[in-house]
Amino acid sequence: MIQKNNSHCGRVAIVGRPNVGKSTLLNALVGQKISIVSSKPQTTRHGILGVLNRDADQAVFVDTPGIQRDRKRLLHRFMGRAIRDALDSSDLALMVVARNRFTQEDRRLTEMLGHRLARTLLVVNKIDTLRDKAKLLPFLESLSKEFPFKALIPLSALTGENLGDLVDEIFRELPQGEAIYPQGVYTDRDIQFRAAEIVREKLTEILHQEVPYGLTVEVEHMKENEKGQVVVHALIWLERDSQKAIVIGKQGQVLKEVGKSSRRELKSLMKKRIHLELWVKVRRRWADSERELKRFGFDSL
């Protein structure tokens, strides 16, 4: 007698405008830091995958870049492609908005979702910052009348408030199927990609103005030496020579601070002593070169 498989598994795209907490939500759902987090927009550039298991069931989340208004640069078009690909390959979508605000950018995203709205959970994030949560009810009621969302769930990805309600709703909606990834796997990204993203996160937080948007980080090699240290050689790529002095800082202070905070997080992630080497180089207009973007891990258009 063939035993019927009753497990469920599906892909879940996390979409929304910049700075609504998509990456924080992914990390909260998976239970560990998979996607880097910053207060600055456009921090997430790739589709970042995270895996959550519950008994035999599995949800595979894809964190996506914030919806891009500027499509002039090739990088932004690649980021837009990451959003469309995530939606096209997913069984369910989480549309994230912040507090009780629904902007014109949010409305444009509902247009992109189109028929997928019926398979979309609206996540109203950052409710921990609301002084009067009673205002949420009329806000949710008005959106439920205007859009055919599958469900509307207010929560705080930062504090975990109502996160369990979202997880329950997600697993209720997953299609039947076997797990894609084995137990113990939390992401499909390798350690070199995650190390590069950690360095970029620290740079994004410490730098100001437009510099963070003109840089990327590439881990050239990573290996363990005879002392048991993991040696990480990372290249910080900039678009202009004038940016080098800003990234390095006076007497190297910016680079030292970035190196210190990056080493601390890499040590926590890898459970090993870290020797991190940071080098700053210029590759003009890398964000408009398809060849360079592919080299830095972006899929083609």
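Description of the structure in this document. (Residues numbered from 1 in each chain as written. Predicted model: local features only at pLDDT ≥ 70, side-chain atom pairs only at ≥ 80, totals over all residues. Heavy atoms only, no water.)

1. Overview of the pairing of strand β7 (residues 215-224)
Taken together, the nine bridges between β7 and strand β8 (residues 230-238) define a ladder with antiparallel strand orientation. Along β8, the bridge assignment pairs glutamate 218 with leucine 235. Following β7, the chain reverses through five residues before pairing antiparallel with β8; glycine 228 in that reversal takes a positive phi of roughly 85°. (Pairing = 2+ DSSP bridges. Helix = DSSP H or I, 4+ residues; strand = E, 2+ residues; numbered from the N terminus.)

2. Regarding the pairing of strand β1 (residues 9-15)
Within β1, six of the seven residues are buried, which leaves it mostly tucked inside the rest of the structure. Across six bridges, β1 lies against strand β3 (residues 57-63) in parallel orientation. Its bridge partner lying in β3, arginine 11 is registered against valine 60. Pairing analysis gives four bridges linking β1 to strand β4 (residues 92-98), with the strands arranged parallel. Along β4, the bridge assignment pairs alanine 13 with alanine 93. (Buried < 20%, exposed > 50% of the residue type's maximum accessible area, 1.4 Å probe, protein only.)

3. Things to note about the nonpolar core
Counting residues in hydrophobic clusters, the biggest one holds 29 residues, and the most contacted among them are Leu25, Leu29, Phe61, Leu94, Leu166 and Ile170. Per-element accounting of this core gives the leading share, five residues, to helix α5 (residues 163-173). The residues contacting leucine 94, other than those within four sequence positions of it, are Val12, Ala13, Ile14, Val15, Leu25, Leu29, Phe61, Leu121, Val123, Leu166 and Ile170. Core analysis: the next-biggest nonpolar cluster, separate from the first, contains 26 residues, Leu215, Ala234, Val258 and Leu278 among them. (Core = buried A, V, L, I, M, F, W, Y, C linked by side-chain atoms within 4.5 Å. Contact = heavy atoms within 4.5 Å.)

4. Here's the deal with the sheet that holds β8
Strand order across the open sheet formed by three strands is β7-β8-β9, with mixed pairing between neighbours. Both edges of this open sheet fall to β7 and β9 (274-282), since each of them pairs with a single strand only. Recorded for the sheet is a direction-independent mean angle of 20° between the axes of neighbouring strands. The sheet contact formed by β8 and β9 spans nine bridges and is parallel. Residue pairing for β9: leucine 238 is matched across the bridge by valine 282. (Axes fitted to C-alpha atoms, helices over the stretch in contact; angles between N-to-C directions.)

5. What to know about helix α4 (residues 136-146)
Residues of α4 that are buried: Leu136, Phe139, Leu140 and Leu143. An end-on view of α4 places all buried positions within 95° of arc, on one side of the element. Turned more than 90 degrees away from the buried face of α4, the exposed residues are Leu137 and Lys145. Buried residues along α4 sit against β5 (120-125) and β6 (151-154). (Arc of directions from axis to C-beta.)

6. Some words on the side chain of arginine 17
Relative to the helices and strands, arginine 17 resides in the loop between β1 and α1 (22-30). Among the residues examined, arginine 17 registers a relative accessible area of 8% and is labelled buried. A polar contact is formed between the side chain of arginine 17 and the side chain of aspartate 106, at a distance of 3.1 Å. Look past the residues within four positions of arginine 17 in its chain and what remains in contact with it is Lys22, Gly66, Ile67, Val96, Ala98, Arg101, Thr103, Glu105 and Asp106. (Polar contact = N/O pair within 3.5 Å; in protein donor to acceptor, adjacent residues only side chain to side chain.)

7. A look at the packing of aromatic side chains
One pass over the structure, following the stated rule, counts three aromatic pairs. Aromatic rings pair up to connect Phe102, Phe147 and Phe149 into one cluster. Residue placement shows arginine 189 over the ring face of phenylalanine 193; its charged tip is 4.2 Å from the ring centre. Across from the ring centre of tryptophan 237, 4.2 Å away, lies the NZ or CZ of arginine 283, which sits over that ring. (Phe/Tyr/Trp six-rings, centres within 6.5 Å; stacked < 30°, edge-to-face > 60°. Lys NZ or Arg CZ within 6 Å of the ring centre and 35° of its normal.)

8. Here's the deal with the pattern of salt bridges
Summed over the entire model, instances satisfying the criterion amount to 24 salt bridges. Salt-bridge contacts for glutamate 239 lead to arginine 73; the nearest nitrogen and oxygen are separated by 2.8 Å. Linking glutamate 239 in the loop between β8 and α7 (244-248) with arginine 73 in the loop between β3 and α2 (74-88), this pair joins segments that are 166 residues apart in sequence. Arginine 73 carries the same exposure label as glutamate 239, and that label is buried. (Salt bridge = Lys/Arg side-chain N within 4 Å of Asp/Glu carboxyl O.)

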